[in-house]
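Chains, contacts and geometry: an overview
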Amino acid sequence: MNFTHVVSRMIEEMGYRVECELLEGKNYLICSIISSEGREIISSDVAIGMDDPRRYLPKVLVKKLDQAFPN
């Protein structure tokens, strides 16, 4: 199951703009997160779908996502 749409909606509710797309035609992933200031959160050196989002997402965003989606 893919819950990308649920996660992206939660991020958007926190004031970010989120763009998702199919990666290699099979995995629907978040490919862009833009802050309210217009800054891209996912830098070009991030391997989307491979790198751990905890490494590059703002700590406040990770904390909110952890609260909303506990293990």
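Scroll up to find the structure this text is about.
Attention here is on the structure that accompanies the text. (Residues numbered from 1 in each chain as written. Predicted model: local features only at pLDDT ≥ 70, side-chain atom pairs only at ≥ 80, totals over all residues. Heavy atoms only, no water.)

What follows covers the nonpolar core. The biggest cluster of nonpolar side chains holds 12 residues, and these are Ile-11, Tyr-16, Val-18, Ile-30, Ile-33, Ile-41, Ile-42, Val-46, Leu-57, Leu-61, Val-62 and Leu-65. Of all the secondary structure elements, the ones that give two or more residues to this core are strand 2 (27-34) and helix 3 (59-68). Broken down by element, the residue count for this core peaks at three residues, all from helix 3. Apart from residues no more than four positions distant in its own chain, Leu-61 is found in contact with Ile-11, Met-14 and Tyr-16. (Core = buried A, V, L, I, M, F, W, Y, C linked by side-chain atoms within 4.5 Å. Buried < 20%, exposed > 50% of the residue type's maximum accessible area, 1.4 Å probe, protein only. Helix = DSSP H or I, 4+ residues; strand = E, 2+ residues; numbered from the N terminus. Contact = heavy atoms within 4.5 Å.)

A word on the pattern of salt bridges. Applying the stated criterion across every chain yields a total of two salt bridges. Across the pair Arg-55 and Asp-51 runs a salt bridge whose closest N-O atoms are separated by 3.8 Å. For Arg-54, the salt bridge goes to Asp-66, with nearest N and O atoms at 2.8 Å. With Arg-54 in helix 2 (residues 53-56) and Asp-66 in helix 3, this residue pair connects regions lying 12 residues apart in the sequence. (Salt bridge = Lys/Arg side-chain N within 4 Å of Asp/Glu carboxyl O.)

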